[in-house]
Amino acid sequence: MNPEHILKVIEDHREGDQTGIISILEEIQAKYSYLPEEALRIIAQKLRCSLVDLYGVATFYKAFSLKPRGKHLISVCLGTACHVRGGEMIASEFQRQLGIKFGGTTPDNEITLETVNCLGACALGPIVVVDGHYFSNVTLQRVKEIIHKTQAGIDRVDIRSDERIFPVEVSCPRCNHSLMDKNKYIDGYPSIRVTVSFNLKHGWLRLSCLYGSFSVDHEYEVPLDEVVNFFCPYCHAELRSSSICADCGAPMVPLLVRTGGMVQICSRRGCKGHMLDLTGVNV
Amino acid sequence: MEKVKSLDEFLSLHDRLTVDKNPSLPTLIIPAGTCGQASGANDLIRITKRELLNKKLTEKIKLRITGCHGFCEMEPSILIEPWGVYYPKVDPKKMVDIVESVAKGEVLQNLLFIDPTTGNPIEKQVDIPFFKKQVRTLLSRNEKVDPIRIYNYIENNGYLAMAKTLSSSHPRQVIEEVKASGLRGRGGAGFPTGLKWERLANQTNGNGKFIVCNADEGDPGAYMDRSLLEGNPHSIIEGMIIGAYGTGATRGIIYVRNEYPLAIKHLLIALRQANQLGLLGENILGTGFSFDIKMVRGAGAFVCGEETALIKSIEGRMGEPRQRPPFPVEKGIQGQPTLINNVETWANIPIIMGSGAQEFAKVGTTENTGTKIFSLVGRIKNTGLVEVPMGIPIEEIVNQIGGGPIHQMKIKAVQTGGPSGGCIPAEMFHLPVDYERLTKAGSIMGSGGMIVMDEHTCMVDLAKYFTKFLKEESCGKCFICRKGTQRMYEILDDISAGRGTLEHLDLIEELGPIIKYASLCGLGQTSPNPVLSTLRYFREEYVEHIEKKRCPAGVCKDLITYTINENCTGCGLCLKSCSAEAIRGEKKERHAIDPKRCIKCGACQSVCKFSAVETR
Amino acid sequence: MITLYINGLPVSVEEGTTLLEAAQFMGFPIPTLCHKEGLSPYGACRLCLVEIGEGPKAKLVSSCTYPAEEGLQVRTASSRVIQARRIILELLLASCPQSKTIQDLASAYGIQRQRFKQEYENCILCGLCVRMCEEQMMAKAIGFRSRGEKRSIGTPFDIQSEDCRRCGACLYICPACELRCTYTEPERAICGACANLRPPCLEKEGVDDMMCYLSPCAACEIKKD
């Protein structure tokens, strides 16, 4: 846990009074998967609020955990609709198969199991959410499969066979020059070449043209979470749209799609935020 | 985006957007709220985009991604405008055919919705029984609007009511209009909204009034607010701007619960867009009126839906309710006058100011005007969100819109109002949905959750479930609620495990009403409702649990045994599924369950294809 | 001055007076548990409930927190109030039977049995210790944590607090019990009794006959050694 980071989070949320506390705690919880004791002490000291009050807030709300959570989070919905459709059985089955109780984490620190009181997808109950991914109409038989998928990684997709992944041909929205590079292939297709700059360094960046794949190749190693500036290698215009990434807040990079549309990707390294508009962006 | 600085600039923007260059072009509408995404709408969207790009159809077919339309049972679904064609439960593999058919202007008969009573396919959404009986004032807008495009909202006359109100109405007129509409708070209590606004407007103490949108929809089983926030966030913003103008508030807060990530995402985008366009912030449309909205996230506490606890949570403290007086309208956030209204209440405001109070009051009854969105879930055929006029009998919602029970079961009761409400038995389904009648029957309207129960639902188990929920969500400050819910749960647990006595029922009937009037806040005051109402209407189930140690619905684990009947073909599937190794049997011979080893997980029953596993 | 009616009798009080203060001024007995003069009112124990208003809108409120209103009708012993008090006392006995304060209150109202599962908790979460520590001792070393049945009182992270001065005020004011005597865990000690080695009962003769509600406490343990 980095004290510098904690102080930065406090600054980002500073409202001049105590009101930003819950959002500060939420950001720390999201980053470290729990609220470290040291972090709470720093916050109490910096915001000059009582540690007793802060500890009370940290223990009152279910979203916060004082113990580290596992790498993956499995939440079983126990809302009324899910309960009436057999949610309790599913919940017990998860407890049995993972060998832990609700609120607990597997000994290898991989999976934390939790219950949620209604996620609001009641028509599709019983619902289980794993790392933000929803599984609906879960039956007792599928519990095993869900646990396996969790351990393997929910986001894993098979690029070749997945129907939802397809190639796009893009060009610069300013000069309309094609950005495709037939000399360098990624994922079996011509890559997209752009120029990026960060920390006074300029270099090329090549992206997979498969929409849904996040493979990249780069001249210089870009540190995780760093926001970089994108440029067209031909007209040197900066590629930056007025939209910001819904996941992380960084500026989006627009690329014109040949057959009609605009794809935008997030300019933050490691962020998978993206948008594909077919009718063109704003009026 | 350029800021719009005056009413004229706004109106000309509105005119520019409403000139449709290609009115006859078909639009593929895919609902992708949380339900939609959970059932695979994202796959449909991807494949559609792929097809439109590859087949170069982007100029011929429009694609609109929206929030929930309401028929969640049938998602992922597709609606095609302007023809009104509806395809339910679309298989991603059929997406290519659908895109092709739209390009040709054809309808794929084999993919249409089949009417369960006639067996005939229905082409248009408006003809489907689920939709026919609804009055979809709010939900229909979810179909027309892409939630993350403000221009789309304005194109559909969004922000028009706000612009006109700010420029030509006096704040007092706004309050009079809302009072005349008869709108009552949709959060559950049904307090007249206009009156609440008037109280805030009359406050002269403090410096800086707050208005809050309570989006902490904590009732399990209710998700109307989620669909409004995800599908049409701008309508809430517009409602709040009008509300701030009418009451003199300067700061707005939308408090969204943590468990709704998509709603939070869409709200943040919408707030940013409204700010960029100049509809929020300083000197809105050059009228001199300034107002800004901030979003605050909840952190997983049902009690924070209660007004005074909500205020504490916004202030960054533990969500413990406090006694009233003073009321939030007098002393709320940081001691300032604060008005709190529910999401659905706010969503109705642009409609009232747009078409007028008289028009609004035409729907519903005299004391209960307008529509109400209910989340119809549980043991019913057509689960989803339904928007109906106030005063409609429950029977119509359950049978005509909901399509009746599943699997030929009989519907026993509906639960309204979530954990604060109670059950209404089937004999009373002629009751209209209005605030007073539901309260008299022992339940409450609540935020709109309507959970349908059939013979497979045990009322004791249901009361136990709600009481457990309340016990865990109680803030714990006042002794009677904390101990009362705990003790009620203990008794219900005993009854459902076969340890109950008739004296327990008397104890509940004595303790319950006292918890009701001795608790500090609404959570405690309504916590005995589930058990008291189930006891009132289904006493015989309780008695059977106690005297015969039997659970008639076959739910309470300690009172049921799993057995295999003569339908068994000896296929062995149950044996394989049993993790307790409690099933024995030879191939092709009737299997048997050893009750001593059986852990009652239900796995065998769920795999059996022959309905051979039953519970007694 | 505000005039209100308690049990039909008019009484005039200054603005800001609570119903409890007004009723006590008139001599009407109202039981309290979480209320203490000198500490801010809390309204948690619900014993001080009184009925206000008339007709169907009449409701019960905690008199220690409710401010006097002009013309308010208050009844300190209506049937609903008595029923509530009796059940609350029954529940208190069911959780914390060893507390003398609770025993005395229960016998004053004639509670002779309790019909719930017997528990032996040593804290009723009245919050007196929290308010004492914060308001009178100006330390704010202990507070509430969690919610519902998991709600408890303690120091942050359950370790010895730097703000705690071991004054023992929390122990002094607690109506329930032998709360927080941590003789066996000196690193978590709160009162200074062990450190001073002069617990009150050791100084007196014939100490075995003394009525003590703090058993087990440091004194008995020390006497044994």
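Here the structure is a predicted model, which means the values were calculated and not measured. (Residues numbered from 1 in each chain as written. Chains lettered and ligands numbered in written order. Predicted model: local features only at pLDDT ≥ 70, side-chain atom pairs only at ≥ 80, totals over all residues.)

Tallying secondary structure elements over chain C gives 7 helices and 7 strands in all. Secondary structure elements in chain C, listed N-terminal to C-terminal, are β-β-α-β-β-β-α-α-α-β-β-α-α-α. Scored against the burial criterion, the 225 residues of chain C give a buried share of 37%. Looking at chain C alone, contacts between residues at least 24 apart form 53% of all its contacts between residues at least 6 apart. (Helix = DSSP H or I, 4+ residues; strand = E, 2+ residues; numbered from the N terminus. Buried ≥ 20, exposed ≤ 12 C-beta atoms within 10 Å, placed from the backbone. Contact = placed C-beta atoms within 7 Å.)

With that settled, the discussion passes to the interface of chain C and chain A. Of the residues lining the interface, 9 residues belong to chain C; the matching set on chain A comes to 9 residues. For the side of chain C that touches chain A, the residue count by class is 4 nonpolar, 2 polar and 3 charged. (Nonpolar A, V, L, I, M, F, W, Y, C, P; charged D, E, K, R; others polar.)

Side-chain positions along a regular strand alternate between the two faces of the sheet. Residue and element names in this part refer to chain A. Sheet analysis places strand S7 (residues 180-186) next to strand S8 (residues 189-198), joined by 4 bridges and oriented antiparallel. In the sheet register, Ile186 faces S8, and the bridge partner there is Tyr189. Connecting S7 to the antiparallel partner S8 that follows it, the hairpin turn spans 2 residues, and Asp187 within it adopts a positive phi of roughly 60°. In this structure, S8 lies alongside strand S9 (residues 201-207), joined through 7 bridges in antiparallel fashion. When the bridges of S9 are listed, Phe198 appears paired with Lys201. Once S8 ends, the chain turns through 2 residues before running back antiparallel as S9, passing Asn199 with a positive phi of about 50°. (Pairing = 2+ DSSP bridges.)

On to the packing of helix H3 (residues 41-54) of chain B against helix H4 (residues 95-104) of chain B. Helix-helix packing is described using two parameters, namely the angle between the two axes and the distance between the axes. Residue and element names in this part refer to chain B. For the pair H3 and H4, interaxial distance at closest approach is 10 Å and the crossing angle is 50°. One element, H3, and the other, H4, form an angle in the oblique class. Helix-helix and strand crossings are classified by hand; for H3 and H4 the assignment is right-handed. Here Leu44, Ile47, Thr48, Glu51 and Leu52 of H3 lie close against H4, whose contacting residues are Met95, Val96 and Val99. Considering only residue class, the contact of H3 with H4 consists of 6 nonpolar, 1 polar and 1 charged. (Axes fitted to C-alpha atoms, helices over the stretch in contact; angles between N-to-C directions. Parallel < 35°, antiparallel > 145°, perpendicular 65-115°, else oblique. Left-handed = near helix turned anticlockwise from the far one by under 90°.)

Another point: the sheet that holds strand S5 (residues 73-75) of chain C. All names here are of chain C. An order of S2-S1-S5-S3-S4 is seen for the 5 strands of this open sheet, with the pairing classed as mixed. Each edge of the open sheet carries a strand with a single partner, namely strand S2 (9-13) and strand S4 (59-62). Within the sheet, the average angular offset between the axes of one strand and its neighbour, ignoring direction, is 40°. Contacts from helix H2 (residues 79-95) reach strand S3 (49-52), S4 and S5 within the one sheet, and its direction differs from that of S3 by about 160°.

Residues and elements named next belong to chain B. The complete set of buried residues in helix H9 (residues 171-181) reads Val174, Ile175, Glu177, Val178 and Ser181. Looking straight down H9, one finds its buried side chains confined to an arc of 160°; they lie on one side. Phi turns positive one or two residues past the end of H9, at Gly182, with a value near 80°. (Arc of directions from axis to C-beta.)

What follows covers the interface of chain B and chain A. Bring the parts together and some accessible area is lost; that lost area is often taken as the interface size. Counting residues at the interface gives 62 residues for chain B, matched by 54 residues for chain A. With 7 residues, the top contributor of residues to the side of chain B that touches chain A is H3 of chain B. When the residues that make up the side of chain B that touches chain A are grouped by side-chain class, the tally is 28 nonpolar, 18 polar and 16 charged.

A few words now on the confidence of the model for chain C. Residues and elements named next belong to chain C. The predicted model of chain C averages 82 in pLDDT, with 78% of residues at 70 or higher. S3 holds the highest mean pLDDT among the elements of chain C, 96, whereas helix H6 (residues 193-196) holds the lowest, 48. Throughout residues 178-182 the model reports pLDDT below 50, and contacts reaching past four residues in sequence, or to other chains, amount to 19 contacts. Confidence estimates for the predicted assembly give a pTM of 0.90 and an ipTM of 0.88. (pLDDT = per-residue confidence, 0-100.)

This part covers the domain arrangement of chain B. All names here are of chain B. When its domains are assigned, chain B resolves into domain 1 (24-81 + 85-123), domain 2 (144-360), domain 3 (371-454), domain 4 (459-547) and domain 5 (561-615). Distance between the C-alpha centres of domain 2 and domain 3: 27 Å. The class makeup of the residues in the side of domain 2 that touches domain 3 is 4 nonpolar, 6 polar and 5 charged. (Domains from an automatic or database assignment.)

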